[in-house]
Structures are given as structure tokens and as C-alpha cells.
Amino acid sequence: MWKPPRALGGITRHMHIGGLAAVIRFAIFLIAHLAGAGFALAQSQFSGWTIEVTPQAATSGIKPKPSAPSKPTITRVSLTEEANLTRLVFDLNRKIDVSVSTLVDPDRVVVDLPEVDFRISPTAGQNGKGLVKAFRFGLFDANQSRVVIDTDGPVRVVKAQVEGKKPQLVLEFGRATPGSGTVTDLSKPALRPGYDEEPLVETARVSDRPLIVIDPGHGGLDPGAAGPDGLLEKDVVLAVALRLRKLLAETGRYSVIMTRDKDIYVSLDQRVRISRQHKADLFISLHADAVPEESLASVVRGGSVYTLSEHASSEQARRLAEKENAVDILAGVQSLANEEADEVRNILFDLLQRETANFSADFSRLLTNELRKHIALARDPQRSAAFKVLQQPESPSVLVELGFMSNADDQKLLRSPEWQNKVARAILAAIDSFFAKRALGAVYVP
Ligand SMILES: [Zn+2]
């Protein structure tokens with residue numbers, strides 16, 4: 001077995017590496033490292049084994065990246081069914097603490113972990129087996145990752161532990177039978193909404209500038225819609241949002257806040273809270289839809305702009321709002337359905353009292369006109385439904401569906417940087433017209 005040279009006494013090796021290839025890889029690593037290529041790079045390229053630099057190595061000529069210790073990594077996942085048990089196993093590069101709880105209505109198992117690096121396919125959880133219908137994973141909160149497992153009915157968590165020399169997180173589920181008792185809490189419940197801090201990207205508010213809140217939908221363990229080749233809604237909308245923020249900042253006319261600027265879960269409540277707390281002058285939520293029916297995927301495409309209404313403009317709009325409003329449930333956050341229904345009514349009443357609804361409709365019209373110049377729109381693109389994220393009495397707000405992830409033509413555009421730029425420019429043009437009108441004191445007349 002190869003041993004590290006004495007000069008690198010601070011470096012220790014974990015896990016066995018076999019064969020010449022690994023030795024060559026290690027030699028390449030050393031060369032790259034000594035040439036100053038950086039430690040993080042070396043680590044990310046050679047997953048499967050780990051090198052640690054101890055403090056004495058740091059003082060003996062090797063400079064580790066001055067950042068926090070690297071995150072634990074999940075490198076593989078497997079889902080199998082055996083007799084009456086369904087096993088979901090994640091391979092880890094080191095041991096971690098986990099907490100597991102179950103939720104009902106719908107039935108889910110929630111696994112909370114420290115922040116881990118998921119080096120597995122983003123769509124790994126789309127196909128179920130046994131008692132597992134599907135699972136999602138990703139960043140849930142600052143420093144906290146989460147796996148949410150949709151189960152086929154109530155389950156018993158038979159096992160939930162990190163074990164083995166090569167550590168694995170092993171989860172075993174059996175069907176919960178009456179009287180068998182469901183394991184509801186193996187450690188601590190995990191129901192709070194994520195991202196409660198204020199880590200938002202904010203350009204300093206300049207009092208005479210309109211404040212725009214950009215809300216890229218989904219994020220972290222909530223991927224949103226997925227295209228057939230693995231493109232995820234959360235990534236598309238973040239890309240467009242970041243371009244829009246840049247364009248807005250360049251004008252020098254606006255202050256901008258984003259509800260998220262990275263791949264992290266943010267609850268719908270938190271998105272609304274951010275907007276209300278900062279008294280947004282305009283709130284723009286970005287999404288991209290998908291149709292589940294394969295037969296419709298080739299024909300249903302194009303963008304649309306939604307405003308808030310109690311009664312949806314169409315059955316399709318109603319279903320879309322229902323889907324978008326359910327994302328907190330998917331993320332393993334308990335819903336407060338009844339209280340929320342009351343709140344919708346109160347807010348809608350409030351909206352009618354104020355002019356907010358008129359301003360939202362005005363912006364929706366301006367935005368639809370601008371988008372129409374540059375991108376394909378759906379039929380009747382100005383729509384409305386009871387989206388939670390639009391329930392803001394003080395701020396004009398719209399939700400934009402940029403296109404359909406399920407349509408091959410749309411998907412090609414959605415991932416293209418040129419197209420994303422075009423969309424961001426169209427939104428900027430609409431924002432400019434909207435505030436130019438308001439500055440002139442123009443009042444919207446329906
Ligand atoms: Zn969405």
C-alpha cells in the first residue's frame with residue numbers, strides 16, 4: 001500500500017484506494033496541489049476518497065482553502081424492495097447525525113441532515129419502488145439539508161441510521177398496520193418552514209427608488225417541474241431572476257431584493273413575508289410549468305402572467321395554483337389549510353379596498369405586451385388564480401410562468417442564456433413602463 005511522503009505528514013488518507021489508476025490520480029493531485037491549484041478543486045475531482053489536512057500541514061507550506069470544513073457528501077443512492085421492506089440507502093463519505101419524522105396527509109417521511117453535498121442525479125428520486133412513491137432532496141435551511149419521501153400510505157420506519165465502515169444512511173420502511181403503531185418521531189419533529197433568517201441579497205434601499213422583489217420559485221429540495229432531460233424549474237427561474245436583478249441594478253433606478261439567490265428552499269409564507277416586510281412596490285414571482293400528460297406535452301407551450309383572484313380564470317389556472325400552493329407540503333412543512341383559506345378571503349377583501357389589485361392587473365397587461373414581442377405566449381396569457389405567494393394587500397404582484405418544461409421547444413429556450421436574457425429585458429421594459437406611468441400619477445382604469 002502506498003504511503004504518503006513524509007513531507008506531507010499532515011495528510012492522511014481514508015478509505016482504500018486500489019490499483020495504479022488511483023496512485024496516478026493521487027500523483028496528479030499532488031502536482032496540481034503543489035502548483036497551487038487549490039485544495040477544494042482536488043477534493044471535488046476525486047470523490048470516493050478523502051484527504052484531510054491537519055492544522056500542522058497548514059503551517060508546513062500547504063495552504064488549505066480558507067473556508068469552512070467541506071460538507072459531507074452523498075455519492076450514491078439506491079432504492080430496493082425486499083419481502084415487505086423498502087430500503088432507501090444513501091452512501092456517505094463520513095458519518096452524520098440525522099433525524100427522522102413522519103407526516104400524514106399526505107403520507108411522508110422527512111429526514112433532516114446537516115448540509116450535505118448531493119452528488120447524485122437531481123432526478124434520482126422521481127421513480128419510486130415498493131412503499132416509496134418518490135423522494136426529493138436538497139438544501140432546506142441555512143446549514144440544513146432534507147430528504148422528503150412520499151410514501152404509498154402510512155409507513156413504519158423500521159430503521160433509520162447511519163452505519164457501516166463505509167458509512168451509509170439506511171432507511172427501511174414497512175407498511176404500518178392498525179395496531180402496529182407508526183413511528184412518528186425518532187428524534188425531533190421537523191415541521192418548521194425553512195430559511196427564517198434574513199440572508200437575502202439586497203441592494204441598499206434608496207428611499208426614492210421603487211423596490212422590486214424578485215421571487216425565483218422553488219429551490220433546494222423543492223425542484224419544481226422537471227423537463228424530460230433533467231432540466232429543473234428551480235434552476236431556470238433562478239437564472240432568469242439573476243439576469244433580471246443585474247439589469248435592474250444597472251439602470252440605477254430601482255432597489256432590488258431577491259427571496260432567494262441560491263439553490264435553497266424558501267417557504268411560500270417566507271416569500272410573502274419578505275415582500276410585505278420590505279413594502280415591495282412590485283413583486284414578481286418566476287416559474288415554469290409542466291403538463292403531466294405526455295400526449296399534451298408537444299402542444300402545450302408558451303408563457304403566461306397570473307394575478308391573484310379568488311375564482312380562477314380557468315380550470316387550468318385553478319389547478320396550477322393548487323400545485324404551486326402545495327410546494328410546502330412537498331418540502332415536508334405542515335400546512336395550515338383552514339386558517340389559510342380564511343386569510344385568503346380577508347386578503348382578497350383587503351385587496352378590493354385598496355388599489356393593489358388594479359395595479360397588479362396593470363402590470364400584468366404591460367408585462368404580457370412586452371413578453372409577446374419576444375417570446376411565445378400561451379392562449380389568453382393574462383390569467384388569474386388564488387396563488388398563496390400573490391396574497392399581499394400592499395404590493396402589486398404577478399406570477400410569471402415562463403413556458404412549459406414539458407415541451408421540447410420551450411425547454412430548449414428555457415435553458416438558453418440568450419432567451420433568458422430576452423425575457424429579463426422584457427420584464428425590465430414592463431417595469432420601466434409601470435413606474436413611468438405611476439410617476440405621472442396615472443390611475444389604471446379597467
Ligand atoms: Zn413553479
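Preceding this section is the structure that the text describes.
Residues numbered from 1 in each chain as written. Predicted model: local features only at pLDDT ≥ 70, side-chain atom pairs only at ≥ 80, totals over all residues.

Peer 1: Can you walk me through the overall build of the chain in this structure?
Peer 2: The helix and strand tally for the chain stands at 12 helices and 17 strands. Long-range pairs, those at least 24 residues apart, make up 77% of the contacts in the chain with a sequence separation of at least 6. (Helix = DSSP H or I, 4+ residues; strand = E, 2+ residues; numbered from the N terminus. Contact = placed C-beta atoms within 7 Å.)

Peer 1: It is not clear to me how the packing of helix α4 (residues 233-251) against helix α12 (residues 417-439) should be interpreted in this structure. Could you clarify?
Peer 2: Two measures define how a pair of helices packs: the angle their axes make with one another and the distance between the axes. Running from amino to carboxyl end, α4 crosses α12 at an angle of 50°, the nearest separation of the two axes being 9 Å. The angle between α4 and α12 falls in the class oblique. α12 is crossed by α4, and the crossing has right-handed handedness. Residues A239, V240, R243, L244, L247 and L248 of α4 touch α12, and the partners they reach there are Q420, N421, V423, A424, R425, I427 and L428. (Axes fitted to C-alpha atoms, helices over the stretch in contact; angles between N-to-C directions. Parallel < 35°, antiparallel > 145°, perpendicular 65-115°, else oblique. Left-handed = near helix turned anticlockwise from the far one by under 90°.)

Peer 1: Explain the pairing of strand β10 (residues 155-163) to me, please; I cannot follow it from the model alone.
Peer 2: Two faces, one strand: in a regular strand the side chains alternate between the faces of the sheet. Sheet topology places β10 next to strand β11 (residues 168-175); eight bridges connect them, and they run antiparallel. By the bridge assignment, Q161 is partnered in β11 with V170. Connecting β10 to the antiparallel partner β11 that follows it, the hairpin turn spans four residues, and G164 within it adopts a positive phi of roughly 95°. (Pairing = 2+ DSSP bridges.)

Peer 1: I'm lost on unusual backbone geometry in this one. Help?
Peer 2: Trans is the common state for peptide bonds, and a negative phi is the common state for residues other than glycine. Of note, the bond from D105 into P106 is cis; its omega dihedral lies within 30 degrees of zero at 0°. Among the structural elements, P106 can be located in the loop between β5 (99-103) and β6 (108-114). In this structure, H218 takes a positive phi of about 60° despite not being glycine. Structurally, the position occupied by H218 is in the loop between β12 (211-216) and α4.

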